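Summary of structural features
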Amino acid sequence: MYQALYRKWRPNRFADVVGQRHITDTLRAQLESGRLSHAYLFTGTRGTGKTTCAKILARAVNCTNLQGGDPCGECPACRGILDGSVLDVVEIDAASNNGVDNIRDIRDEVRYTPASVKKRVYIIDEVHMLSQGAFNALLKTLEEPPEHVLFILATTEINKVPATILSRCQRFDFRRIAPHDIAQRLLEIAEEERIPLTDGGARMIARLADGALRDALSILDRAAAGSSGPIDEELVASGVGILAGDTAVELMRHILQGDLTAAIAQLGESYTAGRELGAVLDQLLGLIRDMLLVHTSKGDVSALLSPAYSPQTVAQLCEQVPASRLLAYTGILQEALIRMPRAANRRIEAELCMVRLCRLQAEDYDTLSGRMDALEEKLAHGVVPAAAPAPASQQDDDGFPSDQDAPPPDDGDMPPFDAAPQKKPEPAQPKRLECSPQWNDITLAAKKLLPMSTFAQLTFAKGILHGKDLYVVCEDPFTYELCNETKVKDALSRAVQQVTGQAYRVKVMEESSVGTLSTKANPVDDIIRRAGELDITLEIND
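Residues numbered from 1 in each chain as written. Predicted model: local features only at pLDDT ≥ 70, side-chain atom pairs only at ≥ 80, totals over all residues. Heavy atoms only, no water.

1. As for helix α8 (residues 179-193)
- Here α8 is 15 residues long and its end C-alpha atoms lie 21 Å apart, about the 21 Å a rise of 1.5 Å per residue gives.
- Among the residues of α8, I182, A183, R185, L186, I189 and A190 are the ones counted as buried. Projected onto a plane normal to the axis of α8, the buried residues spread over an arc of 165° and lie on a single side. Every exposed residue of α8 that faces more than 90 degrees away from the buried side is listed here: H180, E191 and E192.
- Its buried side turned inward, α8 meets α9 (199-209) and α10 (213-225).
- Just beyond α8, the residue with positive phi is R194, at close to 60°. (Helix = DSSP H or I, 4+ residues; strand = E, 2+ residues; numbered from the N terminus. Expected span 1.5 Å × (residues − 1). Buried < 20%, exposed > 50% of the residue type's maximum accessible area, 1.4 Å probe, protein only. Arc of directions from axis to C-beta. Contact = heavy atoms within 4.5 Å.)

2. Description of the confidence of the model for the protein
- Taken over all residues, the pLDDT of the protein has a mean of 78, while the share at 70 or more is 78%.
- Averaged pLDDT values for the elements of the protein fall to 53 in helix α23 (residues 523-533) and rise to 93 in strand β5 (residues 170-174).
- Counting interchain partners and residues more than four positions distant, the pLDDT-below-50 stretch residues 381-421 has 32 contacts.
- Of the regions scoring below 50 in pLDDT, residues 426-431 engages in 9 contacts with residues more than four places distant in sequence or in other chains. (pLDDT = per-residue confidence, 0-100.)

3. Description of the state of the cysteines
- Inspection of every chain in the model, using the stated rule, returns 0 disulfides.
- The closest cysteine sulfur to the non-disulfide-bonded C474 is located on C483, 4.1 Å from its own sulfur.
- Using a relative accessible area of 1% as the deciding quantity, one classes C474 as buried. (Disulfide = S-S within 2.5 Å.)

4. Considering the sheet that holds strand β6 (residues 461-466)
- Across the sheet, 3 strands lie side by side as β6-β7-β8; this open sheet has mixed pairing. The sheet is open, and its two edges are formed by β6 and β8 (505-510), each paired on a single side. Between one strand axis and the next, the sheet turns through 25° on average, direction left out of account.
- Of the pairings in the sheet, the one linking β6 to strand β7 (residues 469-474) comprises 6 bridges and is antiparallel in character. Pairing of A461 across the sheet is with C474, part of β7. (Pairing = 2+ DSSP bridges. Axes fitted to C-alpha atoms, helices over the stretch in contact; angles between N-to-C directions.)

As structure tokens, this is what we get:
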């Protein structure tokens, strides 16, 4: 009868346990010195070796020929425990035996000495599932058991175990197994089982296992049963329902370029191929995590990256991409993953997520610096704010009519039919609205006087100093209403006086009404500037 790989290759010695050397070395030292505890508590995530180490420890305490702290596997006690014929080693599932009566049975049994081995061992798996009454019934026995009894408790949720139980046990915390250790073990087992597993396939399985070797062996078992060819990344991704490494990188490139059509098309291909869209989004989230590590770290983080992507590929992806943009992607993906289980149509939910990723908005950024990075990135790619429509009567900045508006000269000596046809002047192009150089300093000074949410909204406004007025031009109605509040205008008035040393009146207006801005409100300033252009020296008396 076929036996699953994780059962067939369960370690029988501490030396074969992968990734938990800090625990196995301690247990072997205790066995060799004879300084064993009466109760052990093994905690950690699934598939990391808790039950395996408990079974090895149960054999080791009864082994008559220890070999460096490991059970020999040849003595009657080791063979009997392995084949289940020794009844003094009891493994209990607390999920289905969690009542007071089950613990009372154990309490009654511990008084009897073992029949064929040195110690009676109770392995209680998922001990956090015991009821409160069962925990209370176990306390006294766990604190002072007979010398011939050993308790080994295992749990994945240590927070649910009462402190009274924790204080009576020697606790060992099992770590998640490193991906490279899982990949190496998979290649060793595949070679013994004659499974054509490639290095790329082993790395992808190790990443998907999330630190659990048992999960990795289950994935390998499924992949080996479903194919007779080499088990590579593409085959593993197809079997699990996620994107292959190259496909995920290509999808991320579409998102970074804002190519919504290509991103939706690739998502549709994944859906048609039967891949779970939630797993696809989760995979993108993992790739962004690697990009953030490479982008923000100053040292070598290749050992911390997922084995599915090379450090060079991740580095190329995050070139010229600000960290704030990656953080915005993370927030969007996390929100989509939360909504996905409850969505009526998961494909539409995933496609809406692609739309948000490819069309980032200001509200997708959590911080002011993120919004500033987004604005700088748009300007770097040539995206400028839309210019306001030109007013009906074009005027120069100095308020005087332009030459185009001036009437044509009256050449009375020339016949009307000899006059050259008057060419209709082309409409003047609207001038691009630019902030005054002092606006950045003014907003920084106002930051100390305003709440952070209000200060963040100022980034969507432009400040223009003209004469004795500070015009605050807002790009949307919400910003206009916020900046038009008295406290905001007072803060800006104080800030501009602090920066320039002069008092200015603060006037708030919407960008759509910029055409109504009259520069003739300050005729003295216009005359002084006009005189400077004509090299005329004026004497100004206050």
